[in-house]
Structure formats: C-alpha cells, structure tokens
Amino acid sequence: MSKNFYVTTPIYYVNGDPHVGSAYTTIAADVIARYKKSKGFNVFFLTGTDEHGQKVEETARGRGLTPQEWVDSMAPKFVDMWERLNINYTDFIRTTELRHKEAVKKILKTVYDKGDIYKGEYEGKYCVSCETFVPENQIINNNCCPDCGKELRTVKEESYFFKMSKYQELLLEHIEKNPDFILPISRRNEVISFIKQGLQDLSISRTTFEWGIPIEFAPGHITYVWFDALTNYLTAVGYENNSELFDTMWNNGEVVHLLGKDILRFHAIIWPCMLLSAGIKLPDKIVSHGWWTSEGEKMSKSKGNVVSPVEEIEKYGVDAFRYCLMREVNFGNDGDYSTNSIINRINSDLANDLGNLLNRTLGMYHKYFDGVIRESGKVEEIDLNVISLYDETIKIIEEHTGKFEFSKALEAIWRFISRMNKYVDETTPWLLIKDETKKQRLATVMNFLIDSLVKIAVLTMPYMPEASQNIWNQL
Ligand code: MSP
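Everything numeric here is computed off the predicted structure, so don't read it as measured data.

**Student:** So, the overall build of the chain: which residues are in play, and what are the values?
**Tutor:** Counting its regular elements, the chain contains 18 helices and 15 strands. For the C-alpha atoms alone, the extent of the chain along its principal axes is close to 90 × 45 × 40 Å. Each of the 475 residues in the chain was classed as buried or not, and the buried ones make up 56%. In the chain, once contacts between residues fewer than 6 apart in sequence are set aside, the share between residues at least 24 apart is 76%. Here the chain contributes 55 positive and 66 negative side-chain charges, whose respective centroids are spaced 2 Å apart.

**Student:** Residues and numbers for the state of the cysteines, please.
**Tutor:** Enumeration according to the criterion identifies zero disulfides in this entry. With no disulfide of its own, Cys-127 lies 3.6 Å from the sulfur of Cys-148, the closest cysteine sulfur. Exposure remark for Cys-127: the relative accessible area of 0% places this residue in the buried category. Unpaired in this structure, Cys-144 has its nearest cysteine sulfur neighbour in Cys-145, at a distance of 8.4 Å.

**Student:** Which residues make up the packing of helix H14 (residues 381–402) against helix H17 (residues 439–460), and what values do they have?
**Tutor:** Interaxial distance between H14 and H17 falls to 11 Å at its minimum, and their mutual angle equals 5 degrees. Relative to H17, the element H14 is oriented roughly parallel. Contact residues: Ile-382, Asp-383, Val-386, Ile-387, Tyr-390, Thr-393, Ile-394 and Ile-397 in H14; Arg-441, Thr-444, Phe-448, Lys-455 and Leu-459 in H17. Residue composition of the contact of H14 with H17, grouped by class: eight nonpolar, two polar and three charged.

**Student:** Residue-level account of the pattern of salt bridges, with values.
**Tutor:** For the structure shown, the criterion picks out 35 salt bridges. With a closest N to O distance of 3.0 Å, Glu-157 and Arg-206 form a salt bridge. Of this pair, Glu-157 sits in strand E6 (residues 153–162) while Arg-206 is found in strand E9 (residues 205–206), placing the two residues 49 residues apart along the sequence. In this pair, the class of Glu-157 matches that of Arg-206, namely buried.

**Student:** Residues and numbers for a nonpolar patch on the surface, please.
**Tutor:** Where nonpolar side chains cluster on the molecular surface, the patch consists of Val-379, Leu-384 and Ile-387 and spans about 240 Å² of accessible area. Here Val-379 lies in the loop between helix H13 (339–369) and H14.

**Student:** Tell me about H17, residues and numbers included.
**Tutor:** For an α-helix, 3.6 residues make a turn, and residues three or four places apart therefore share a direction. For H17, which comprises 22 residues, the first-to-last C-alpha distance of 31 Å matches the rise-based estimate of 32 Å (1.5 Å per residue) to within 8%. Counting buried residues in H17 gives 16 out of 22 residues, a clear majority hidden from the surface.

**Student:** Summarise the packing of aromatic side chains; cite the residues concerned and give the values.
**Tutor:** With the rule as written, the count across this model stands at 30 aromatic pairs. When the ring of Phe-133 is compared with that of Tyr-224, the centres are 5.0 Å apart and the planes differ by 50 degrees; the resulting orientation is tilted. Here Tyr-224 lies in the loop between strand E10 (222–223) and helix H7 (225–230) and Phe-133 lies in strand E5 (residues 132–134), a separation of 91 residues in the sequence. Ring centres 5.3 Å apart and planes at 70 degrees place the aromatic pair Tyr-365 and Phe-369 in the edge-to-face group. Here the residue Tyr-365 and the residue Phe-369 both occupy positions in helix H13, the gap between them amounting to four residues, near one helical turn. A residue is classified by how much of its surface remains accessible, and Tyr-365, at 3% relative accessible area, is buried. Directly above the ring of Tyr-390 sits Lys-455, whose terminal nitrogen or CZ lies 4.3 Å from the centroid.

Criteria and cut-off values
- Residues numbered from 1 in each chain as written.
- Predicted model: local features only at pLDDT ≥ 70, side-chain atom pairs only at ≥ 80, totals over all residues.
- Heavy atoms only, no water.
- Helix = DSSP H or I, 4+ residues; strand = E, 2+ residues; numbered from the N terminus.
- Buried < 20%, exposed > 50% of the residue type's maximum accessible area, 1.4 Å probe, protein only.
- Contact = heavy atoms within 4.5 Å.
- Lys, Arg positive; Asp, Glu negative; His and termini not counted.
- Charge placed at Lys NZ, Arg CZ, Asp CG, Glu CD.
- Disulfide = S-S within 2.5 Å.
- Axes fitted to C-alpha atoms, helices over the stretch in contact; angles between N-to-C directions.
- Parallel < 35°, antiparallel > 145°, perpendicular 65-115°, else oblique.
- Nonpolar A, V, L, I, M, F, W, Y, C, P; charged D, E, K, R; others polar.
- Salt bridge = Lys/Arg side-chain N within 4 Å of Asp/Glu carboxyl O.
- Patch = residues over 30% accessible without salt bridge, like charges linked within 9 Å, V, L, I, M, F, W, Y side chains within 5 Å.
- Areas by Shrake-Rupley, 256 points an atom, 1.4 Å probe, with all protein chains shown as cover.
- Expected span 1.5 Å × (residues − 1).
- Phe/Tyr/Trp six-rings, centres within 6.5 Å; stacked < 30°, edge-to-face > 60°.
- Lys NZ or Arg CZ within 6 Å of the ring centre and 35° of its normal.

Listed below in structure tokens is the structure:
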C-alpha cells in the first residue's frame, strides 16, 4: 500500500467570509491528514481559494476595486480562519498565482493537442452565483438556478468546448470497477445515473468578461472558472513545475478529494473526464459530505443565520467546535447545527466523560501516590476486559476512518472513555487505598487508568489537537 497520502479540500470562493460549511470540509481534511501522519504516512494536505470568474469580477467592480485588489483582500481571511481552527495544511493555493496559471495552460494545451477541444457557440443559461451552465430541462421557477434559486443569465457567445461526451463510457467503467471512487455509496449511484442520461460537451471558455486565465490557442477567450479551479489539485503537487513531487503525491500517492454534495458532479464527472483526456491518473477517492442547516433552517445571509466559525470558537473553544462538527453527523449526511446540541455535547462528552476521567485519574494519582508511578501487580479479568475493548476500538477506528466515517470513529473512542469511567466505579480506588493489602492492586488500577489516558490522548489528537496535547502535558 502506498505510504503517500494527498488530501484536498475544495478551493473556496472568496466572495464571502469563511463559514461553517467551508470550516467543516477543512476540519475533516485536517483530521484525516493528522490521522494519516500519526500512522506514518507522508501526507500532503491542500486547501486554498478559487479567485477567478464572473462573480468575483462583478463583486469587485461593485465595490470599486479591481478583481485582484478584491481577492487580495479576501484570501487572508481564509488563511486566518484556518489558523484559528488549528488547520495544519501543507500548502494553500490561490488560483491567481503564477504557478497555477502555468498549470492551467499546460492542461489546456494537452487536452487541445489531443483533439478534445473544438470551437463552437454557447447559447443558453448561466448561473453566475454557481458559475455553472444550466441545461434547459433543469431550469426552475421560470428562469432560476436549480441549485441556488437565483435568476439565470442568457448567454450567447463563441466558446470552446471540451469533448466530455467522448469519455462517458470510460468514466462509467472506471466508476463501476472502483467501488470506492465515489463515496458515500448513495452519492455514487446518483452520479452513475446522471452519467447514464448522457454527458454533453462542456463549454470551457468565456469571452464576455476578463477575470480569468487567458487561453493561449484562443485569443480573447478566458478559461471557464471550473476548468481552472479543478486544475488546482494538480498545480499544488507540481504538475507543471515539480515532477518529483507530482510523481510522489499524484502518481504514487493515494489521492483523496473531500467536498460538499453540491459540487460532487464537478468533481466526479468533469474532473475525471479532464484527467482522462490529459492522460493523468484519476484520483482514488472523491468523498462528498452533506449540508449543514442552522437551527433547522437553510443558512443564508438574508436570514442572518449563517454560523460563523469565529463566533463559535470564541464561545466554545476551537477543539469543542472541531469535535462537535465531526461528532454530530456522520460524514455524508446532512446535519443541523444548533446551540442546544452543541452545548449538550460539550457538557456530556467533553466535560462529563473525558474531563471527568482525566481529572479523577490525575487527582487520585496525586492524592494516593504523590504523582509517582508505582509498579503494577497481577492483572485481573476486569483489566483484560479493558485491554480487549481497546484493541477492538482500534479496529473500529481504522475501519471507520478509512471510510471517512468520523462520527463513528469518535463514537468508538467515547465508548472506550465511558468504559474507563465505569472501570473507576467498579475498581473503587478510594476503597483500595484504605486497605494496606490492596496497595498493589491500587497501583495496577491506577496504571490502567493512566495508560488509557495516554491512549485517549493519541486517539483524540486528530480531532482535538490542543486538548490532546493538554492531556499529554498533564500526564
Ligand atoms: N469554488 C468552488 C469549489 C471549487 S473546487 C475545485 C466552491 N466554493 S464554495 O466556497 O462555494 O463552497 C465550498 C464548499 O463549502 C463546498 O464543498 C460546499 O459544499 C461547502 N458548503 C457550503 N455551504 C455549506 C453548508 N451549509 N454545509 C456544508 N457545506 C457547505 O464551490
């Protein structure tokens, strides 16, 4: 099995501040990156910002700025947010960087030379907010986007097309042969049935605005923003400028893209077709997660109910926020972010279960043994029981983390924590201390407890790096 692991988040649009949706994917990527690193993998973790396109150009102009000034003012907000959330990425890519423009030029040229790009005319509807072309049969409410509901623009312009239809069968075959290519399974089925309806060629150039990467073989045309954005995954690992890194991470690594369900089609259809055409290996896993609502309602700026990670971190602390997002819903499902459930989780899982185990154990160790480790005695059945639950926990964590089922992995860790709290109640160290003949049994029990905390610190590290470090420090 490859020991190189390359994980990506989507690159975020810079039109608004980072919110709980962007934080969610980024935290998940950070968790898996930390987990893989702890297992000895050579990890490359990429995130960044998607800075071209009509929406950015229009927003910038509306603010009296050039698009470059606007994106330069917004990108640092993401860098800052990820720092606050303790996101340990390897690279942060901005699509306005030179290295990325060069990579986009390269893939366009490769696909063009292959004969997969032709000139035509695009006539149809475009959603500027989603930066996507909307086929007639998907339009809703007269003239609105099926995804975001916003009014569509009519576009009629000369355009270059990518022969996506040519790759329909190859892609289907790949998806069918690789059951883990698109996760979770339910979404995989959606993608398959979408492809089976027939893929159309994709318009990949625009002429009616300027904020994008110019196409060398098509003067006056700029690259369609999704064609540009998807290529970021290649840019960062040296597709154009570092063949050694590219070989390690892309060709000989496990490549995993994490993203929300709304942008799955771009990743599971357009992206693999681009790679097939360019003769580049396909990613190994495309994993999509569900959407968060806020107190039961869709988040929207106009309703003012968008969950702000900054505010949440200030209220609850960074680890509690990370923990709750990963624990509350299983990756893949939709979830609701509510103050009630967050507070419940913090009180019961973090304070009651984990906090108690730590405080009770350390408290007793100091009180009974002045904090000095004593030699253990005979191991009893209840101790063996705890050892076997731990071994089982590790297996469960492995299995679920491998499938990006973070909440189930956490559930298993917390089962172990609860078991250890019960172990305290059952072994009753406060009675053992009173009996001179039970001193060694007390040492055994306390050592099992200390050992469990060492394990818990390791297991929780990907999710709650600071809390885990704190446990270490106290131990
Ligand atoms: N720029 C594109 C991605 C290009 S990747 C080559 C984009 N950006 S985005 O900023 O609009 O969205 C980024 C991510 O945030 C998506 O994965 C999306 O699913 C996620 N979310 C946005 N709102 C969300 C929720 N309410 N809940 C969960 N995730 C959501 O799309």
